[in-house]
2 protein chains.
Amino acid sequence: MLFCFGENRLGTEDPFKGTTVRVEFGDATSTADHTISRSFPHTYGQPLVHFLRATAQIPDAQIINEHPAIRVGAVFCGRQSPGGHNVVWGIHNALKLHNPKSVLLGFLGGSEGLFAQKTLEITDDVLATYKNQGGYDMLGRTKDQIKTTEQVNAALATCKALKLDGLVIIGGVTSNTDAAQLAETFAEAKCPTKVVGVPVTLNGDFRNQFVETNVGFDTICKVNSQLISNVCTDALSAEKYYYFIRLMGRTASHVALECTLQSHPNMVVLGEEVASSKLTLFDLTKQICDAVQARAEQDKNHGVILLPEGLVESIPEVYALLQEIHELHRQGVSVDNISSQLSPWASALFEFLPPFIKKQLLLHPESDDSAQLSQIETEKLLADLVETEMTKRVKEGTYKGKKFNAICHFFGYQARGSLPSKFDCDYAYVLGHICYHILAAGLNGYLATVTNLKNPVNKWRCGAAPITAMMTVKRYSRGPGASSIGKPAVHPAPVDLKGKAYELLRQNATKFLMDDVYRNPGPLQFDGPGADTKTMSLCVEDQDYMGRIKKLQEYLDKVRSIVKPGCSQDVLKAALSAMASVTDILSIVSASPSTGSTPV
Amino acid sequence: MLFCFGENRLGTEDPFKGTTVRVEFGDATSTADHTISRSFPHTYGQPLVHFLRATAQIPDAQIINEHPAIRVGAVFCGRQSPGGHNVVWGIHNALKLHNPKSVLLGFLGGSEGLFAQKTLEITDDVLATYKNQGGYDMLGRTKDQIKTTEQVNAALATCKALKLDGLVIIGGVTSNTDAAQLAETFAEAKCPTKVVGVPVTLNGDFRNQFVETNVGFDTICKVNSQLISNVCTDALSAEKYYYFIRLMGRTASHVALECTLQSHPNMVVLGEEVASSKLTLFDLTKQICDAVQARAEQDKNHGVILLPEGLVESIPEVYALLQEIHELHRQGVSVDNISSQLSPWASALFEFLPPFIKKQLLLHPESDDSAQLSQIETEKLLADLVETEMTKRVKEGTYKGKKFNAICHFFGYQARGSLPSKFDCDYAYVLGHICYHILAAGLNGYLATVTNLKNPVNKWRCGAAPITAMMTVKRYSRGPGASSIGKPAVHPAPVDLKGKAYELLRQNATKFLMDDVYRNPGPLQFDGPGADTKTMSLCVEDQDYMGRIKKLQEYLDKVRSIVKPGCSQDVLKAALSAMASVTDILSIVSASPSTGSTPV
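These numbers come from a predicted model, not from an experiment.

Asks: What should I look at first to understand the overall build of chain A in this one?
Replies: From N to C terminus, chain A includes 22 helices and 18 strands. For 600 residues, the compact-globule estimate of 2.2 N^0.38 gives 25 Å, and the C-alpha radius of gyration of chain A, at 26 Å, lies within 12% of that figure. When its C-alpha atoms are laid out on the principal axes, chain A stretches across 85 × 65 × 55 Å. Within chain A, buried positions represent 59% of all 600 residues. A fraction of 79% describes how many contacts in chain A between residues 6 or more apart in sequence connect residues 24 or more apart.

Asks: Please clarify how the sheet that holds strand 11 (residues 267-268) of chain A should be interpreted in this entry.
Replies: Strands belonging to one sheet form pairs held by backbone hydrogen bonds; the direction of such a pair is parallel or antiparallel. Residues and elements named next belong to chain A. Pairing within the open sheet is parallel, and its 4 strands lie in the order 11-12-10-13. The open sheet is flanked by strand 11 and strand 13 (406-411), the only strands paired with a single partner. Strand direction decides the pairing type here: strand 11 and strand 12 (residues 303-308), joined by 2 bridges, are parallel. Residue pairing in the sheet places V268 in a bridge with L306 of strand 12.

Asks: In this structure, what is going on with the interface of chain A and chain B? I would like to understand it.
Replies: As a measure of interface size, the accessible area lost when the parts come together is often cited. The interface of chain A with chain B comprises 51 residues on the first partner and 51 residues on the second. At the boundary of chain A with chain B, total buried surface from both sides reaches about 4300 Å², with 57% on carbon and sulfur atoms. Joining chain A to chain B, the criterion identifies 2 salt bridges. With a closest N to O distance of 2.5 Å, D234 of chain B and R416 of chain A form a salt bridge. Between chain A and chain B we count 15 residue pairs in polar contact (both at pLDDT 80 or more) in total. At the level of elements, helix 7 (217-238), strand 13, helix 17 (413-416) and strand 18 (519-520) of chain A are the ones that each hand at least two residues to the side of chain A that touches chain B.

Asks: Can you walk me through helix 8 (residues 254-263) of chain A in this structure?
Replies: Residue and element names in this part refer to chain A. Of all the 10 residues making up helix 8, 10 are buried; the element is thus mostly covered by neighbouring parts of the structure. Along helix 8, the positions that sit buried rather than exposed are H254, V255, A256, L257, E258, C259, T260, L261, Q262 and S263. H264 sits one or two positions beyond helix 8 and adopts a positive phi of about 55 degrees.

Asks: Explain the pairing of strand 6 (residues 103-107) of chain B here, please?
Replies: The side chains of a regular strand alternate between both faces of the sheet. All names here are of chain B. Of all the 5 residues making up strand 6, 5 are buried; the element is thus mostly covered by neighbouring parts of the structure. Here strand 6 shows no split at all, with V103, L105 and F107 on one side and L104 and G106 on the other all buried. Note: strand 5 (residues 71-76) against strand 6, 4 bridges, orientation parallel. In the sheet register, G73 faces strand 6, and the bridge partner there is L105. Taking the sense of rotation as the criterion, the β-α-β connection linking strand 5, helix 2 (residues 84-98) and strand 6 turns out right-handed.

Asks: What is the right way to read the relation of the copies chain A and chain B from this model?
Replies: One copy of the chain maps onto the second through a rotation about an axis and a displacement along it. When chain A is fitted to chain B, the residual RMSD is 0.2 Å, and the transformation amounts to a turn of 180 degrees plus an axial shift of 0.1 Å. On the angle and the small slide along the axis, the relation comes out as a two-fold axis. The overlap is high: 100% of the interface residues of chain A also sit at the interface in chain B, so the same surface is used on both sides.

Asks: Whenever I open this one, unusual backbone geometry confuses me. Can you help?
Replies: Where the residue is not glycine, phi is negative for most of them; where a peptide bond is considered, it is trans in most cases. Although it is not a glycine, Q117 of chain A sits at a positive phi angle of roughly 55 degrees. Checked against the element boundaries, Q117 of chain A lands in the loop between helix 3 (110-116) and strand 7 (119-121). At D516 of chain B, a residue that is not glycine, the phi angle is positive and equals roughly 50 degrees. Mapped onto the elements of the fold, D516 of chain B is located in the loop between helix 19 (500-515) and strand 18 (519-520).

Asks: Which parts of the structure should I look at to understand the domain arrangement of chain A?
Replies: All names here are of chain A. In terms of domain boundaries, chain A breaks down into domain 1 (21-215 + 420-478), domain 2 (217-314 + 379-417 + 495-537) and domain 3 (545-579). Of note, the centres of domain 1 and domain 2, computed from C-alpha atoms alone, are 35 Å apart. Residue-level contacts link 27 residues of domain 1 with 24 residues of domain 2. A per-residue breakdown of the area domain 1 buries against domain 2 is headed by R79, L202 and K422, which together make up 31% of the total. Across the domain 1-domain 2 interface, the total number found is 2 salt bridges. With a closest N to O distance of 3.2 Å, D532 and K422 form a salt bridge. The tally of links from domain 1 across to domain 2 stands at 9 residue pairs in polar contact (both at pLDDT 80 or more). A class-by-class count of the residues in the side of domain 1 that touches domain 2 yields 8 nonpolar, 10 polar and 9 charged.

Asks: Would you mind showing me how to read a nonpolar patch on the surface here?
Replies: All names here are of chain A. Side chains of L552, L556, V559, M579, V582, I585, L586, I588 and V589 sit close together on the surface and give an oily, nonpolar patch of about 760 Å² of accessible area. Elements represented by at least two residues in the nonpolar patch include exactly helix 21 (545-562) and helix 22 (569-591). Among the elements that line the nonpolar patch, the one with the most residues is helix 22, at 6 residues. For L556, the position within the fold is in helix 21.

Asks: What's the story with the pairing of strand 3 (residues 47-53) of chain B in this structure? I'm lost.
Replies: All names here are of chain B. Of all 7 residues making up strand 3, 5 are buried, and the element is well covered by its neighbours. Note that strand 2 (residues 21-28) and strand 3 share 6 bridges and pair antiparallel. Pairing of A28 across the sheet is with P47, part of strand 3. The sheet contact formed by strand 3 and strand 15 (residues 461-466) spans 3 bridges and is antiparallel. Within strand 15, the residue paired with H50 across the bridge is G463.

Asks: I tried to follow the sheet that holds strand 12 (residues 303-308) of chain B on my own but got confused; where do I start?
Replies: Residue and element names in this part refer to chain B. The strand order across the open sheet built from 4 strands is 11-12-10-13, with neighbouring strands paired in parallel fashion. Pairing within the sheet leaves two strands with one partner each, and these edge strands are strand 11 (267-268) and strand 13 (406-411). Seen against the sheet, helix 7 (residues 217-238) touches strand 10 (242-247), strand 12 and strand 13 and runs at an angle of roughly 170 degrees to strand 10.

Asks: When you look at the pattern of salt bridges in this model, what are you seeing that I'm missing?
Replies: As a working rule, side chains carrying opposite charge can pair if their charged atoms are close by. Residues and elements named next belong to chain B. All told, the structure shown has 34 salt bridges over all chains when counted by the stated rule. Across the salt bridge formed by K392 and E389, the nearest N and O atoms sit 3.5 Å from each other. Taken together, the residues K392 and E389, both in helix 16 (residues 378-396) and 3 residues apart, mark about one turn of the helix. A salt bridge links R560 to D557; the nearest nitrogen and oxygen atoms lie 3.5 Å apart. Here D557 and R560 lie together in helix 21 (residues 545-562), a separation of 3 residues that amounts to about one turn.

Asks: Whenever I open this one, the packing of aromatic side chains confuses me. Can you help?
Replies: Each aromatic ring pair is described using two quantities: the centre-to-centre distance and the angle formed by the ring planes. Considering all chains together, one arrives at 24 aromatic pairs over all chains under this definition. Between Y427 of chain B and W460 of chain B, the aromatic rings sit 6.3 Å apart at their centres with planes inclined by 80 degrees, giving edge-to-face as the arrangement. In this pair, Y427 of chain B is assigned in helix 18 (residues 422-440) and W460 of chain B in the loop between strand 14 (446-451) and strand 15, connecting sequence segments 33 residues apart. For the pair formed by Y427 of chain B and W460 of chain B, the shared burial category is buried. The rings of Y241 and Y243 of chain A together with F410 and Y413 of chain B are connected pair by pair, giving a single aromatic cluster. Positioned over the ring face of F410 of chain B is R246 of chain B, at 4.0 Å from the centre of the ring. Lying over the aromatic face of Y555 of chain B, K551 of chain B brings its terminal NZ or CZ to 5.9 Å of the ring centre.

Asks: Would you take a moment to explain the side chain of E184 of chain A for this structure?
Replies: Residues and elements named next belong to chain A. Locating E184 in the fold gives a position in helix 6 (residues 173-188). For the buried E184, no salt bridge exists, and the shortest N-O distance to an oppositely charged side chain is 10 Å, to K190. Setting aside residues no more than four positions away along its own chain, E184 makes contact with S39, F40, P41, H42 and T43.

Asks: Explain the side chain of E309 of chain B here, please?
Replies: Residues and elements named next belong to chain B. Its location among the elements puts E309 in the loop between strand 12 and helix 11 (311-314). At a separation of 2.6 Å, a polar atom in the side chain of E309 contacts the main-chain amide nitrogen of R250. A polar contact of 3.3 Å, which involves the side chain of E309, links it to the backbone nitrogen of S374. Not counting residues within four places of it along the chain, the set of residues in contact with E309 comprises R79, R246, L247, M248, G249, R250, L373, S374, T378 and F410.

Reading guide: rules and limits
Residues numbered from 1 in each chain as written. Chains lettered and ligands numbered in written order. Predicted model: local features only at pLDDT ≥ 70, side-chain atom pairs only at ≥ 80, totals over all residues. Heavy atoms only, no water. Helix = DSSP H or I, 4+ residues; strand = E, 2+ residues; numbered from the N terminus. Rg over C-alpha atoms; globule rule 2.2 N^0.38 Å. Buried < 20%, exposed > 50% of the residue type's maximum accessible area, 1.4 Å probe, protein only. Contact = heavy atoms within 4.5 Å. Pairing = 2+ DSSP bridges. Buried area = accessible area lost by both parts, 1.4 Å probe. Salt bridge = Lys/Arg side-chain N within 4 Å of Asp/Glu carboxyl O. Polar contact = N/O pair within 3.5 Å; in protein donor to acceptor, adjacent residues only side chain to side chain. Right-handed = clockwise from strand over helix to strand, strands pointing away. Least-squares fit on C-alpha atoms with pLDDT ≥ 70 in both. Domains from an automatic or database assignment. Nonpolar A, V, L, I, M, F, W, Y, C, P; charged D, E, K, R; others polar. Patch = residues over 30% accessible without salt bridge, like charges linked within 9 Å, V, L, I, M, F, W, Y side chains within 5 Å. Areas by Shrake-Rupley, 256 points an atom, 1.4 Å probe, with all protein chains shown as cover. Axes fitted to C-alpha atoms, helices over the stretch in contact; angles between N-to-C directions. Phe/Tyr/Trp six-rings, centres within 6.5 Å; stacked < 30°, edge-to-face > 60°. Lys NZ or Arg CZ within 6 Å of the ring centre and 35° of its normal. Lys, Arg positive; Asp, Glu negative; His and termini not counted.

This is the structure in C-alpha cells:
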C-alpha cells in the first residue's frame with residue numbers, strides 16, 4: 001500500500017526510554033464470583049503488575065536483567081480497528097531492542113492463520129509501509145473466535161510447532177475472553193507459550209477498572225464526528241432534511257455518546273437508555289416525532305439523529321423477536337420457514353415491520369452468535385416509522401410543519417479503515433511494548449494496560465492485569481449471545497448511565513435538540529491545533545483505577561511505617577481507632593450489591 | 001455554530017496587497033454561435049479583464065482611484081459547496097477596505113430571499129463564526145433557479161428597492177446562466193445593478209478556458225478520497241466485501257475521476273466513458289462481473305468500485321426511460337399511472353428493474369428539470385445486477401470464487417458540509433475580492449476568475465470574463481433538461497476523455513483493478529504536511545488559458561515595438577514573412593471543427 005503519512009508523522013516513542021524496565025507486583029486480584037476461580041485454576045488470582053522506568057524509586061520493584069531471545073506470535077482478531085498495526089510495531093520494536101535474535105511472527109488471516117500455522121515474520125521491511133497506518137491489511141483477519149475445542153487445540157498445536165514463547169491476541173472483549181481461556185488451557189497442558197491480550201476495538205466497549213479505553217475508539221469517534229458535523233452543517237444549510245445516522249460500534253453506545261459530545265447533533269438514542277427505560281419501537285417513534293413537531297413549531301424542518309449500531313438489541317420487543325429467530329436458526333430451521341414458526345406475539349411484530357427489515361432480521365447470526373448488527377438498517381426502520389406517523393399527524397391536523405424528509409446513513413466502514421489518530425498510534429505502540437515486558441516477566445493470561453491516558457504520553461502508567469480479573473458471569477440472558485450464560489467472560493461494558501459523560505449529555509440534551517448548537521471538530525489532524533485532542537468520554541471520567549490502587553498502598557505503607565513497635569501509645573490508639581472506623585465503613589460498602597467488586 | 005478552526009486557521013490574504021488595483025482590459029470575447037450575441041445584445045462581446053497589483057508594470061492598465069460607497073447583495077444558489085462563506089467574507093473585506101461606508105447584504109434563504117427581499121447585513125460580527133467554515137448556513141439556500149419571468153422581475157424589483165449597485169450570485173453552471181440572463185435583463189431595463197457570478201460548485205463541472213476549477217471541488221474530492229481510502233483499507237483487511245460507492249457530483253464525473261486518482265480504488269465507471277461507448281446496463285454489469293471474476297482467480301474477493309452520481313443519465317437506455325418519465329411528469333400524469341403509459345420498449349426495461357429503483361426513477365424531477373439524481377441509488381442497482389449475474393455464473397460453473405458480497409455507499413452529504421480545505425478557503429476569499437473590483441470597474445454580466453491556480457497564491461492571476469463568452473447552444477438534447485435546447489447556457493463540462501487527468505487514469509486502470517495499489521491521502525490537513533496539496537486534475541492539466549492569451553498579446557506587442565517605422569527592410573521582410581505563415585496556419589486550424597472557439 002502506498003501511504004502519505006508514514007513513520008515520521010508521529011514521534012512515537014519508547015515508553016520506557018531504554019531497555020531497563022522495573023516490574024512491580026501489586027496485590028492479587030479477585031472477583032466476587034467463585035465460578036471464575038473454579039474455571040481458571042491456573043490463571044486466577046494473579047497480581048496486578050506495573051512496569052516502571054529504571055529510574056523509578058520503588059524499592060520492591062524487580063529489574064529483569066536477562067533477556068534471552070524469544071519467539072512471539074501475534075494475531076488480529078475481529079473487526080479491524082485503527083491502530084492495530086502499531087501494536088505489532090511496538091512488540092517488534094521492544095523485542096529487537098532487548099534481543100535482536102528474538103522473532104515476531106504475524107499470523108496471516110487472523111485466527112484462521114493461527115489454526116493453519118500460516119505466518120509472516122515481522123521485519124523492519126514488512127513494517128515499513130504499515131507504521132501509523134489503519135486497517136489490518138498487513139496480516140488480514142477472518143473469523144472472530146478461538147472458542148471450540150477444535151480451535152483451541154489447533155492454536156495449541158501451532159504454538160507448540162512454532163515453539164512460541166508468547167502469543168499476543170489483538171482484539172476486543174470476545175477475543176480477550178478467548179485469550180484468557182487459551183492461557184488457562186495452555187497452562188493446564190503445560191505448554192510453555194504465554195498468552196497476552198491487547199484491548200483493540202473500535203467499539204470502545206472493553207472498559208473496566210483496568211482499561212480506560214481501546215485502541216481505535218479515539219479514531220473512529222473523530223472520523224465519525226467529522227462526518228456527523230458535516231451532515232449537521234448540511235442540514236442547517238439546506239433546511240429540509242432529517243438525517244438518521246447509525247454508527248458502527250455494536251450494542252453498547254459508546255461511539256454514539258462520544259460523537260454526540262463532539263458534534264452536538266439534535267438527538268441521540270442510546271441503547272442503554274432504551275433498555276433501562278424499556279422503550280418500545282412505538283415509544284421511540286413517538287419520541288422522535290414529538291421532537292420533529294416541536295422543532296417545526298420553531299420553524300426548524302431539519303435535524304440530525306444518531307443511533308448506535310446495535311439499537312435493535314436494546315428495544316425489548318425487537319430483542320425478544322431476534323432471540324426467537326436465533327433460536328430457530330440454531331435448531332436448523334431454514335430462513336424461509338422461520339416466520340411461520342414464531343410465537344404469535346413475535347409474529348405480530350414481525351409482520352408489522354417493513355420487508356427490508358424482515359429480510360435483515362432473518363440473516364444468519366455472526367460467528368459470535370450475536371445478530372448481524374451491521375446489516376440491520378435500524379436507521380431506515382425508524383425513518384420509515386417516523387414518516388408514517390408524521391403523515392398520520394398531518395392528516396389528523398396535529399402536525400402543520402413542512403413535509404418530513406429523511407436521509408439515512410450508516411457510518412462504519414468509512415471510519416474503520418481510517419489512518420489512526422495520534423492518540424491511537426501512541427496508545428497502540430506503547431501497548432505493544434508492554435506485551436513484550438509481560439512476556440519477559442513470564443506472565444500468562446494478562447492484558448497489557450495503560451492508565452492515566454488523559455494526560456500526556458510521558459505520564460502514562462504502563463501495567464498488566466490478569467484477564468480473569470475483568471470477568472463476570474451472567475446469570476440471565478441479555479443480548480442474543482445466550483450461549484455465554486453461566487460462563488465467565490469479559491463482557492462489553494454498556495454506557496454508564498451514572499457516569500460523567502452521560503451526565504454531560506443529559507445537561508445539554510434540550511439545547512442540542514432545539515437550538516442547533518452544532519459543533520464541527522473538523523477532520524483528524526496530525527499536526528498543529530487539534531492534533532492532540534482526546535475523546536471527551538476519556539477526559540471527563542475519573543479513571544486511573546490502578547493509579548488509585550497504588551495510592552492506597554502508599555497510605556497503608558505510610559501507616560505501617562509510622563505505627564511501628566516503639567511508637568507512642570497515643571499514636572497507636574489513634575491508628576487503631578481510625579483503622580477500625582475505615583474497616584467498618586468498607587465492610588458495609590462492600591456488602592451492598594451496587595458497589596460489589598465486579599467490574600463496572 | 002461553535003467552531004474549532006476559526007479565522008486564524010489560515011493566512012487568508014488580500015490578493016492585491018493593498019487598496020490600489022490596476023484594471024487591464026483585454027480583447028473583446030466572442031463565441032462561435034450567433035444565437036448568443038442575439039440573445040445578449042447588451043452584455044455580449046465585452047472584453048476579458050485582468051486585475052493587477054498597483055506595482056504591476058502594465059502601461060495600458062487603469063487605476064481606479066475613486067471608490068464611492070456602494071451597496072451590494074450576495075446570494076447562495078444551489079447545492080451548498082464548502083468555501084461559499086469565504087466568498088462573502090472576501091466581498092465584505094474588499095468593500096470595507098475601499099470604503100467603510102459600503103454595505104453588503106446577504107439574501108436569506110437563497111433565491112427565495114432574493115425574491116422576497118429578505119436580507120441580513122453582513123458585518124464582522126455576523127461573519128465571525130463563519131470564516132473558513134463549510135455549509136451555507138450563514139444565509140441558507142432554497143430553490144436553485146432565477147429563471148421564470150416572475151422570478152427575474154422579483155429579482156429586479158428587489159435590486160431596485162434595495163438600491164443595489166451590485167448583485168453577486170454564488171453558484172454553479174445553472175446559477176451563472178441565470179446571472180448572465182439577469183445582467184442582460186437589468187441592462188435592458190436600465191437598472192443600475194451590475195450582476196457578477198462566482199464559480200462555486202462541488203461538482204467541479206463549471207470549467208472552460210476561463211475557469212480552472214470551482215470552489216468546493218478541492219474539499220469534496222479530499223473528504224471523499226479520505227473515506228474511499230478508508231473503505232479500501234477496510235476491504236483489504238476484511239477481504240470479503242465489494243464496496244459500490246456513488247459520489248455526489250451530478251452527471252459529469254469530475255469528482256469520481258479525481259477521487260480515483262487520489263485513492264486508487266479498483267474500478268471507476270465514468271459517465272463520459274459510458275456515454276461515449278454507449279454501454280448498456282447489461283454491458284456495465286458484465287464488465288464489473290468480469291472484473292470480480294478476474295480478481296477471484298487471483299484469490300482477491302474484495303474490491304472498491306466508484307460510480308458518479310449521475311451515471312444513470314449516461315446509460316443510453318436508462319436515459320431514454322428517464323426522459324419518457326419526465327415527459328409524462330410534465331404532462332401532469334400521476335406517479336401511479338406513469339408506468340402504464342411508457343412506450344413498450346421503456347416499459348420492458350422499467351419492469352426489469354428492482355422495485356426500489358422503480359420508485360426512485362418515478363420521483364419528481366428537481367427544480368432544474370433534471371432527475372433527482374441524489375435519490376437514485378445506482379450503486380444498489382449495479383450491486384444487485386452484479387450479484388444476480390455472479391449467482392448465475394456460480395450455477396453455470398463459470399465462477400468458482402467466494403460468494404460475492406456487496407456493501408453500498410452514497411458519499412455526498414457527509415462531504416458537502418465539510419470545513420473547506422485551505423485551497424478552497426483561499427480561492428473563495430480571493431474570488432470575493434475580485435467581485436468587488438468587477439463592480440468598482442462598473443462591469444456587468446461578468447464571472448470572477450482566478451487562473452494559474454496550481455501555483456502558490458502569490459502567483460495566482462485575478463481576472464473576470466463575460467459569462468456570455470462561456471455559453472454554448474445545444475441543438476440536440478442530452479440529459480433530461482430538454483427545455484434548454486436552443487437556448488444559450490453555460491453547460492456543465494464533461495470529463496475530457498482526451499485530457500491528461502483521464503490519460504493518467506487509463507495508464508493505471510489495470511494496475512488499480514488487479515494490484516490493490518490503494519493509496520490513502522489521509523484526512524484534510526490544515527497544518528503540516530499535506531495541507532497545501534491540490535487536486536490532481538488541476539495540477540496535471542495545462543490550464544491558464546487567460547495567462548496564455550496574455551502571453552500572446554505580449555508577443556504581438558513586442559513584434560509591433562520591434563517593427564516600427566524606421567526599422568530596417570530586412571526586419572520588416574522577416575516579420576511579414578513570419579506573420580504571413582502564422583496567420584495561414586491559424587486560419588487553417590481555426591476552420592477545423594474540432595478546435596473551434598466554443599468552450600471545451
